[in-house]
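Residues per chain, in single letters:
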Amino acid sequence: MTPYLPADVPAEYEKTFMDTFMEATGGSGRLMLFAGDQKVEHLNNDFFGEGIPLEDNDPEHLFKVASAADIGVFATQFGLIARYARDYNTIPYLVKLNAKTNLIPYEAKDPYSQQWLEVSDVVRFKAQSGLKILGVGYTVYLGSEHEHAMLREAARIVHEAHQNGMIAVLWIYPKGNFVKDQHDRHLIAGAAGVGAALGADFVKLKVPYIGGELDVDGLNEVTTAAGRSGVLCEGGNKTTPEAFLLELHRQIHEGGSRGNGTGRNIHQRPFEEAVRMANAIYAVTVKNASVEEALRIYSGE
Amino acid sequence: MTPYLPADVPAEYEKTFMDTFMEATGGSGRLMLFAGDQKVEHLNNDFFGEGIPLEDNDPEHLFKVASAADIGVFATQFGLIARYARDYNTIPYLVKLNAKTNLIPYEAKDPYSQQWLEVSDVVRFKAQSGLKILGVGYTVYLGSEHEHAMLREAARIVHEAHQNGMIAVLWIYPKGNFVKDQHDRHLIAGAAGVGAALGADFVKLKVPYIGGELDVDGLNEVTTAAGRSGVLCEGGNKTTPEAFLLELHRQIHEGGSRGNGTGRNIHQRPFEEAVRMANAIYAVTVKNASVEEALRIYSGE
Amino acid sequence: MTPYLPADVPAEYEKTFMDTFMEATGGSGRLMLFAGDQKVEHLNNDFFGEGIPLEDNDPEHLFKVASAADIGVFATQFGLIARYARDYNTIPYLVKLNAKTNLIPYEAKDPYSQQWLEVSDVVRFKAQSGLKILGVGYTVYLGSEHEHAMLREAARIVHEAHQNGMIAVLWIYPKGNFVKDQHDRHLIAGAAGVGAALGADFVKLKVPYIGGELDVDGLNEVTTAAGRSGVLCEGGNKTTPEAFLLELHRQIHEGGSRGNGTGRNIHQRPFEEAVRMANAIYAVTVKNASVEEALRIYSGE
Amino acid sequence: MTPYLPADVPAEYEKTFMDTFMEATGGSGRLMLFAGDQKVEHLNNDFFGEGIPLEDNDPEHLFKVASAADIGVFATQFGLIARYARDYNTIPYLVKLNAKTNLIPYEAKDPYSQQWLEVSDVVRFKAQSGLKILGVGYTVYLGSEHEHAMLREAARIVHEAHQNGMIAVLWIYPKGNFVKDQHDRHLIAGAAGVGAALGADFVKLKVPYIGGELDVDGLNEVTTAAGRSGVLCEGGNKTTPEAFLLELHRQIHEGGSRGNGTGRNIHQRPFEEAVRMANAIYAVTVKNASVEEALRIYSGE
Amino acid sequence: MTPYLPADVPAEYEKTFMDTFMEATGGSGRLMLFAGDQKVEHLNNDFFGEGIPLEDNDPEHLFKVASAADIGVFATQFGLIARYARDYNTIPYLVKLNAKTNLIPYEAKDPYSQQWLEVSDVVRFKAQSGLKILGVGYTVYLGSEHEHAMLREAARIVHEAHQNGMIAVLWIYPKGNFVKDQHDRHLIAGAAGVGAALGADFVKLKVPYIGGELDVDGLNEVTTAAGRSGVLCEGGNKTTPEAFLLELHRQIHEGGSRGNGTGRNIHQRPFEEAVRMANAIYAVTVKNASVEEALRIYSGE
């Protein structure tokens, strides 16, 4: 698949952008994003507790998995990358530029997740370190009273990434007291359109469900509304590999999604299993593997 | 018609500004603005649902129509332009620099629609891409507790546009708990005057109505109060072509408006019909067509 | 009268400042300021309605009057000046740098009227356009919870104006829930002192009244408290020429004011009468005319 | 006394800083600060009314006194200095960089007194004008919800002053709903410590009182807690010269204060008396005069 | 121990960073941080009162101790360092870049402790003064409505420190109405992870306790969750040397902490004793001393 080259990528960065996009998507136009930003978003809930292997409590677990597995990009905060990347310098990184904790409930106060560092900091870091930093990411909470600040930061980040030949991924989640159902297809389709208007290369969204089941028609509304911005489906809570990979396959082949952003379903497993699960997800997302093929990869056959 | 050249257009950009103004208005001094910024403003409500053709859900529909039809400018967000413009590089664009979603009701919290990108970003983008970017746009919500921030951004945007030979369009809507009737002629005339004080080339306003009927006297108060800033009447909800074109003709020829900003009445139609509707609107606005001539264009006769 | 040259006017701008001050005040040290900033402040209330001539609804009326009459400066927003000044390039302008609408009552929310453009924008505009821009203006609402932001902007504007050889006029009005009587002499004297502390060349204030009558003693407290900053008395609602000119004469010769800021009492009249009224006000303010002489000017004798 | 040279005074400004400190303190290390910033802080209350001589209403009174009397520095706003300093160019000035009015009660809203101008503006003004500007000042209201903004501005101002060889004086007052007793010694000692942590050369504080009497032990806690930052005792309401000078002497010689900041007790007197009162205060503060000697100076013997 | 060199330390500063890290940790990788920032945080409560020696009221006491004792770094505000450092120029300093007072209870208003000075100010100060400034520090209050502002400032500070070869220490404390138990291990582990995501070299945290006893298992969750960022245990209220040193030893050798931040347990003692206590803490932290050896140091044997 040939990527749509955004018009705000300047001539001198066209090749860089195309190469970056191709590398991130394995030439498929679809992105397997290994999400490792939950140290802030969920504090230690995702990393220590019942059903979570002890090794997940050490942040290095994320880097070990990201380094050993097939992934599109490993998305995490700048500071964490800086602390481990000299020892894990082959990982394709995506710098997540904002984050917030879960201490304040969304019902109590509207969320604002502010940008931590500038795209220019990432560009300089990439040049200084020689690391394989493919892109930047940012979360927007629509419906928050701070929506305006996040829309502005998101628009700037996407444009500045393109100006420097990098890809931009936006996480777009409606939140706050005026949002009734986060899994409503029409609302998610609206978020997809906002991602398109912001110029995102990929937009990570909630998945539309009806009664707990994937709403394929709804997902088609969403992925069409996103236009040329690829929709990444949120991985969500840990579930069985069978259920996960089956739904992932349907999201892509029936719903038109262009990838996924998965964290807990990978890292909340022991190292070897986590790597195999990541590989299975990558195979479905990028290599057009069937669910059966993917399950064989997961099983290590 | 000769445009009034704003005094803050510097000598080296005078010709550019005049040419731009003439191109945008087809030499008529009147602007047909095809509004395509609703992906953020109305989320997916305007693009998917009962009575809306399925093709409208794909944002490319807007570009197809804007590319094939007679229009003055196509107004939408920077990111969306960046994503499609390499394939639609003949469209006259106007970059809408702010946008907000409709998730928070105006009664619940006063709106603030913040500027996403700077005029200098648009100027650089125009130079890098060679696209036909004729101007910039911005929405001001008067009566909001954030009015001050939007007035400042609007004033800066208009001046910076002029400094670079581009035209500036302001959407000015009184909103918030102290606004009783958005369609009150005297209030709209006030908004028109604010547009003039901000130096806008065109100001997009609500239309004064009495009992659902166009208030022609009221519109004359409005268009006079706007002075040399041309008043663009809001297109509003989708209606019949007959009703739409008749009112448009009266707005211009009886009410003194200098154009219109129309979105849903164009894009909520299948491609061919949308193009014909846009052409009909353009004919009335720019080519002095009669309602009958315009309806013939719409009918494809 | 020799102006007191502020110490923050640098040596290379001393002559410019002195010439500007002399031109604005006709060599008298007193300023007749024609206020034309109400398009934003009062929306269309001052320009259309019972008792207002229809021609006042067109903003060009202000420029016609300002161009034909004797005035010190014509104060209005940057954008409006930019739109008309190529055709009215002999008017001595003062750029009013902030403005707000009247949609939110002062009791409901504390006012913040933010600066729209920078003094450096005005300086560049003046150089590019060759217009006779003599100074800048700004309104401060004391007692608002946003007082701190306006005090800062005001202090910067005055200093930056002086750094560039221009005069600075501040409108200072106590507002908000803690202000009981806007016409209290002691409160107005406080506002006068704030203007002095901000370094204003002229400070436009409310007029102290007792029972609807000019409080001459009170005005002396005010004008003394202002020190070397000249006090401009607010023109207020439209009244009869006789009453207006008599009070103006008393303000200056009994109360120590150094001019006035008048809008509605001028522009809410047909062109010829408006010009004559402005000339009468100018004669009293700058030329030491008696009330009788001024009334003869108003009458066109 | 040799001043402690702050380590953030760069080598090229060491002599300037030492000379400035010595000049401001008459070589004593103690500062007599003539406070003339009340035009904003107290509006016209301190300058006009019962028991205040009429001449105090004219701000020039402050400059006349500051010019004729022995003082360490005359502290007032930039704008006021700019307006009078060409005629009063021998006064040692200290530019007070923030100010607020008293219109909003502290109980109603937490105070924020924002910085008006930058230290770099003062440095440029000093160079352009050749005036004897020895330092800058700033007020911090601890306990306000805006405390963070004022702490940041204060820290920057002190450091920037030192970078340019000027002294910095901080006014530090706990205010707001959580402050029970402004004259509590332990609270004032805390404010003193904040001044030390901010790097102030002098910190102006409330005076600890017990039952209306100077709390000498308490003042020793305060002046010790301030470390090398000299404590200036607030002058407060006007009182008798005897009471004032006696307490001043005790503050210094029993309580360890390093000066005072006095306004009303000087300027609320006729010119000659005001000068003699200032001279008496200066004699106690800087020249180690006894109370008797100081009273003779006040009496003009 | 070899420090993990953060990847955002540029090549030209690698040696500086390594040397700095080694110096601060005595080559052990563990940091003994002498905390002297309470002049602002606790006002005068920690320095004057029952059980506190009088000499502690003078801020110079901190510098005397820091100068005479074995310490890793002495952490305090810029202004205080500037005022004493010419006389105490052998101390290894860490500049604490933000601070707030305790006047507003956390339950009443969410805390915001804003950055006072920029890292670039510290870098310039270090170069100008030649002082041994090893790093910078900053406090983040998670769960505050201002969390976003502090996360941004913290991320910037850590990166800018690394860009200049300095170490960065973050104090991370969950606070506000949604935080139930500050000593909950899982919550502290979350704070540790935030420190890792921000890229801190060391993160100072609350200590997990169960029923007043050190929760060793909990501390292991915390120190593992922090990854390569070293955990510093908060020193807390003054206690007996025996209890303090025993717990410190267990924190390090059983809990995996990499140091401590101690203020009151050092400075709230007379000079000689304070120095011996600091030396004892240093011996345990950096020199692998046993509790018995440390107590002998404290006793001066």
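See above for the structure.
Attention here is on the structure that accompanies the text. (Residues numbered from 1 in each chain as written. Chains lettered and ligands numbered in written order. Predicted model: local features only at pLDDT ≥ 70, side-chain atom pairs only at ≥ 80, totals over all residues. Heavy atoms only, no water.)

**Considerations on the side chain of D37 of chain C**
- With respect to the helices, strands and loops of the structure, D37 of chain C is situated in the loop between β1 (31-35) and α2 (38-41).
- Discounting chain neighbours no more than four positions away, the residues touching D37 of chain C are A75, T76, Q77, K96 and W171 of chain C. (Helix = DSSP H or I, 4+ residues; strand = E, 2+ residues; numbered from the N terminus. Contact = heavy atoms within 4.5 Å.)

**Considerations on the environment of G227 of chain D**
- Structurally, G227 of chain D is set in the loop between α8 (216-225) and β9 (230-234).
- In contact with G227 of chain D, not counting residues within four places along its chain, are D58, P59 and Y84 of chain E.

**A few points about the arrangement of the chains**
- Looking at chain A next to chain D, you find no contact at all, with the nearest C-alpha pair sitting 18 Å apart.
- Chain D makes no contact with chain B, the minimum C-alpha separation between the two being 18 Å.

**Comments concerning the relation of the copies chain E and chain D**
- The two copies are related by a screw operation: chain E maps onto chain D through 72° of rotation and 0.0 Å of translation along the axis, at an RMSD of 0.0 Å. Taken together, these values place the two copies in the relation of a five-fold axis. (Least-squares fit on C-alpha atoms with pLDDT ≥ 70 in both.)

**Topic: the sheet that holds β9 of chain D**
Residue and element names in this part refer to chain D.
- With parallel pairing, 8 strands are arranged side by side around a closed barrel as β1-β2-β3-β4-β5-β6-β9-β10. Averaged over neighbouring strand pairs, the angle between their axes works out to 25° when direction is ignored.
- Direction of pairing for β9 relative to strand β10 (residues 259-262): parallel, over a ladder of 2 bridges. Across the sheet, residue C233 finds its bridge partner in β10, namely N260.
- Across the sheet, helix α6 (residues 147-163) touches β4 (133-142) and β5 (167-174), and the angle it forms with β4 is around 160°. (Pairing = 2+ DSSP bridges. Axes fitted to C-alpha atoms, helices over the stretch in contact; angles between N-to-C directions.)

**Comments concerning the pairing of strand β3 (residues 93-96) of chain A**
All names here are of chain A.
- Side chains Y93 and V95 project from β3 onto one buried face, and the interleaved L94 and K96 project onto a second face that is buried too.
- Taken together, the 4 bridges between strand β2 (residues 73-77) and β3 define a ladder with parallel strand orientation. Following the sheet pairing, A75 is matched in β3 by L94.
- Considered for its hand, the β-α-β crossover made up of β2, helix α4 (residues 78-84) and β3 is right-handed. (Buried < 20%, exposed > 50% of the residue type's maximum accessible area, 1.4 Å probe, protein only. Right-handed = clockwise from strand over helix to strand, strands pointing away.)

**A closer look at the interface of chain A and chain B**
- Facing 48 residues of chain A, the contacting portion of chain B comprises 41 residues.
- At the boundary of chain A with chain B, total buried surface from both sides reaches about 3,600 Å², with 57% on carbon and sulfur atoms.
- Looking only at chain A, the three residues that lose the most surface to chain B are R152, F178 and R228 of chain A, adding up to 20% of its buried area.
- Applying the counting criterion to the chain A and chain B interface returns 7 salt bridges.
- Across the contact surface, chain A and chain B share 27 residue pairs in polar contact (both at pLDDT 80 or more).
- Sorting the residues of the side of chain A that touches chain B by element identifies α6 (147-163), α7 (185-197) and α8 (216-225) of chain A as the ones contributing at least two each.
- Its residues assigned to classes, the side of chain A that touches chain B comprises 23 nonpolar, 14 polar and 11 charged. (Buried area = accessible area lost by both parts, 1.4 Å probe. Salt bridge = Lys/Arg side-chain N within 4 Å of Asp/Glu carboxyl O. Polar contact = N/O pair within 3.5 Å; in protein donor to acceptor, adjacent residues only side chain to side chain. Nonpolar A, V, L, I, M, F, W, Y, C, P; charged D, E, K, R; others polar.)

**Looking at the sheet that holds strand β1 (residues 31-35) of chain E**
All names here are of chain E.
- An order of β1-β2-β3-β4-β5-β6-β9-β10 is seen for the 8 strands of this closed barrel, with the pairing classed as parallel. This sheet shows a mean twist of 25° between the axes of neighbouring strands, independent of strand direction.
- Pairing of strand β5 (residues 167-174) with strand β6 (residues 202-205) involves 3 bridges; the strand directions are parallel. Each bridged residue has a counterpart across the sheet, and for W171 the counterpart in β6 is K204.

**A short note on the environment of E60 of chain C**
- Its place among the elements puts E60 of chain C in helix α3 (residues 60-68).
- Note on E60 of chain C: relative accessible area 17%, which makes it buried.
- Note: C-alpha distance between E60 of chain C and R83 of chain C (23 residues apart in sequence) is 9.7 Å.
- Excluding anything up to four places from it in sequence, E60 of chain C contacts R228 of chain B together with Y84 and Y88 of chain C.

**Examining the pattern of salt bridges**
- Here the structure, examined in full by the defined rule, presents 95 salt bridges over all chains.
- Where E14 of chain E meets R86 of chain A, a salt bridge forms, and the shortest distance between an N and an O atom there is 3.3 Å. Of this pair, E14 of chain E sits in helix α1 (residues 14-25) while R86 of chain A sits in the loop between α4 and β3, each in a different chain.
- Overall, the relative accessible area of 28% leaves E14 of chain E in the partly exposed class.
- Close ionic contact of K96 of chain B with D37 of chain B constitutes a salt bridge, the shortest N to O distance being 3.3 Å. Note that K96 of chain B is positioned in strand β3 (residues 93-96) and D37 of chain B in the loop between β1 (31-35) and α2 (38-41), a separation of 59 residues in sequence.
- For D37 of chain B, a relative accessible area of 5% gives the class buried.
- Within this structure, D121 and R124 of chain A together with R156 and E160 of chain E form a network of salt bridges that share partners.

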